[in-house]
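# Coordinate inspection notes
Read off the chains here:
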Amino acid sequence: MKYLFFSWLVVFVGSWIIYVQYSTYTELCRGKDCKKIICDKYKTGVIDGPACNSLCVTETLYFGKCLSTKPNNQMYLGIWDNLPGVVKCQMEQALHLDFGTELEPRKEIVLFDKPTRGTTVQKFKEMVYSLFKAKLGDQGNLSELVNLILTVADGDKDGQVSLGEAKSAWALLQLNEFLLMVILQDKEHTPKLMGFCGDLYVMESVEYTSLYGISLPWVIELFIPSGFRRSMDQLFTPSWPRKAKIAIGLLEFVEDVFHGPYGNFLMCDTSAKNLGYNDKYDLKMVDMRKIVPETNLKELIKDRHCESDLDCVYGTDCRTSCDQSTMKCTSEVIQPNLAKACQLLKDYLLRGAPSEIREELEKQLYSCIALKVTANQMEMEHSLILNNLKTLLWKKISYTNDS
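Notes on the structure follow.

Rules used in this analysis
- Note that residues are indexed from 1 along each chain, following the sequence as it is written.
- Reporting of local features is limited, given that this is a predicted model, to residues whose pLDDT is at least 70; pairs of side-chain atoms are given and counted only at 80 or more, and all residues count toward the totals for whole chains, interfaces and linings.
- Hydrogens and water are ignored here; the side-chain numbers use all heavy atoms of the structure.
- Secondary structure counts use DSSP, requiring at least four H or I residues in a row for a helix and at least two E residues in a row for a strand, with both numbered from the N terminus.
- The buried label goes to any residue with under 20% of its type's maximum accessible area, the exposed label to any with over 50%, and the partly exposed label to all in between, with areas taken from a 1.4 Å probe on protein chains only.
- Here the open area of atoms and residues is found with the Shrake-Rupley method and a 1.4 Å probe, where only the protein chains shown may cover a residue.
- Every residue pair with non-hydrogen atoms within 4.5 Å of one another is taken to be in contact.
- Two strands make a pair as long as DSSP finds a minimum of two bridges between them.
- Only the stretch in contact is used when fitting a helix axis, every axis being a line fitted to C-alpha atoms; angles between N-to-C directions are given from 0 to 180 degrees.
- Angles are sorted into four bins: roughly parallel if under 35 degrees, roughly antiparallel if over 145, roughly perpendicular if 65 to 115, and oblique for all others.
- Whether a crossing is left-handed or right-handed is set by the direction in which the near helix is turned from the far one by less than a right angle, anticlockwise for left-handed and clockwise for right-handed.
- Classification convention: Asp, Glu, Lys, Arg as charged; Ala, Val, Leu, Ile, Met, Phe, Trp, Tyr, Cys, Pro as nonpolar; all other residues, Gly among them, as polar.
- Any Lys or Arg side-chain nitrogen found within 4 Å of a carboxyl oxygen on Asp or Glu counts as a salt bridge.

### Some thoughts on the overall build of the chain
- A tally of regular secondary structure across the chain gives 14 helices and 13 strands.
- For the chain, the proportion of its 403 residues judged to be buried stands at 48%.
- Accessible area of the chain: about 20100 Å², with a carbon and sulfur share of 55%.

What follows is the structure, given as structure tokens:
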């Protein structure tokens, strides 16, 4: 009887855990709702884009494995005309920025309400220019970026931007990841944009979707202690020369977003799950939704009421300080992107590092982690440390088969 009771108890607890996890999964993964909303808008002529026909008519674009971590940010592995991709869709609108949770404020109360019928191309360009000025600051070359956006918005490549295409482009431009993909479309470590429909977009997929190259089913993840999982991650990393090549890719991406052609972008969540790599061990960004324009961030965070520095955090990694005299957040982010990247890479690179460079590598990484935005000559130090790290790693792996 005792064994029967414990067996029943194990079955009951196990069933309850699976039920809770399944309920969470169904709440997170709402791909059918996403597709219905987008296709209803497309079929009534509100929106248009290169992915619309495949998604809503021929059904050659479909959703596979769910990767969503939040209900309003839907993400799936997908297939589009036999090509693998990642499908992303925004399910809900946020009328304000919720610090620490959501980095993509949806500014339209009614989605796809802009531009309105009768808006000229010139007026639309002015709308986009004003949006960029608010997000990126008063950059001298914003007109070039506006023209680039119009080229991307012309999904059918007929030389004209239809109202449906303009509505889709306007909705997408509210999203930092989409804007960054357009700005860095020629950069090696930025995933390529495959197409869009409304504010749903498809981007290049990455073979390994974590810095550590290991992902487990959510049911198994549930039963693995976090400490053991960290140890397991380290065990399943690629060989050290391959890790070094991936790390160089991250350093190059930091260069891409640091004072790029249209201003500086800040990495507000530098975690392993946002980085991936391909079969050649070239780094590819998996998720860039939490990389935000510096100008935009400063406007959003300055003068925010605070009691301590803990109230002045954007995402997980963009931190400013609380001015105790005014009880307002300051606008200057304390730690630059490079310092955050080095913090992520420290254990990753030092484990298994060749003995002849380990001491120098450790020294360089700790100098990198110590970087502060407010330091004198920060930009010079930033460039020097970044180049020293890249040179040290390349010098060691240049002649190895793994590189």
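### Observations concerning unusual backbone geometry
- Of note, the amide linkage connecting Lys114 to Pro115 takes the cis form, showing an omega dihedral of -10°.
- Following the sequence through the fold, Pro115 ends up in the loop between strand E3 (83-90) and helix H4 (121-136).
- Backbone geometry places Tyr281, a non-glycine residue, at a positive phi of 65°.
- Within the element layout of this structure, Tyr281 appears in the loop between strand E7 (275-277) and strand E8 (283-285).
- Using a relative accessible area of 14% as the deciding quantity, one classes Tyr281 as buried.
- The backbone phi angle of Met327 is positive, close to 55°, even though this residue is not glycine.
- Of note, Met327 is situated in the loop between strand E12 (322-323) and strand E13 (328-329).

### Digging into the environment of Asn141
- In this structure, Asn141 sits in the loop between H4 and helix H5 (142-153).
- Placed 121 residues apart in sequence, Asn141 and Tyr262 show a C-alpha to C-alpha distance of 7.3 Å.
- In contact with Asn141, other than residues within four places in its own chain, are Pro261 and Tyr262.

### Things to note about the pairing of E3
- Counting buried residues along E3, six of its eight residues qualify, which places the element largely inside the surrounding structure.
- Inspection of the sheet shows strand E2 (residues 73-80) paired to E3 by eight bridges, in the antiparallel sense. The partner of Ile79 across the bridge, within E3, is Pro84.
- A loop of two residues connects E2 with E3, the two strands running antiparallel in sequence, and Asp81 in this loop sits at a positive phi of about 50°.
- The pairing of E3 with strand E5 (residues 200-204) spans four bridges and is antiparallel. Residue Gly85 lies in a different strand from E5, and its bridge partner there is Glu204.

### As for the packing of helix H10 (residues 240-257) against helix H14 (residues 378-397)
- Where H10 contacts H14, the two axes come as close as 10 Å, and the packing angle between them is 155°. With respect to H14, the element H10 is oriented roughly antiparallel. As for the relative orientation of H10 and H14, their crossing is left-handed in sense. Across from Trp240, Pro241, Ala244, Lys245, Ala247, Ile248, Leu251, Glu252, Val254 and Glu255 in H10, the residues of H14 making contact are His382, Leu386, Asn387, Leu389, Lys390, Leu393, Trp394, Lys396 and Ile397.
- For the contact of H10 with H14, the class distribution of residues is 12 nonpolar, two polar and five charged.

### Observations regarding the pattern of salt bridges
- Within the structure shown, the criterion is met by 16 salt bridges.
- A salt bridge links Glu177 to Lys88; the shortest N-O distance between them is 2.9 Å. Placement of the pair is Glu177 in helix H7 (residues 176-183) and Lys88 in strand E3, with a sequence separation of 89 residues.
- What makes Glu177 buried here is its relative accessible area of 0%.

### A word on helix H6 (residues 163-172)
- Counting buried residues along H6, nine of its 10 residues qualify, which places the element largely inside the surrounding structure.
- All of the buried residues along H6 are Gly164, Glu165, Ala166, Lys167, Ser168, Ala169, Trp170, Ala171 and Leu172.

### What about the environment of Lys340?
- Looking at where Lys340 falls in the secondary structure, it is placed in helix H12 (residues 337-350).
- With relative accessibility at 3%, the residue Lys340 sits in the buried group.
- As a C-alpha pair, Lys340 and Ala370 span 30 residues in sequence and 9.6 Å in three-dimensional space.
- Setting aside residues no more than four positions away along its own chain, Lys340 makes contact with Met267, Thr270, Asp317, Cys318 and Gln335.

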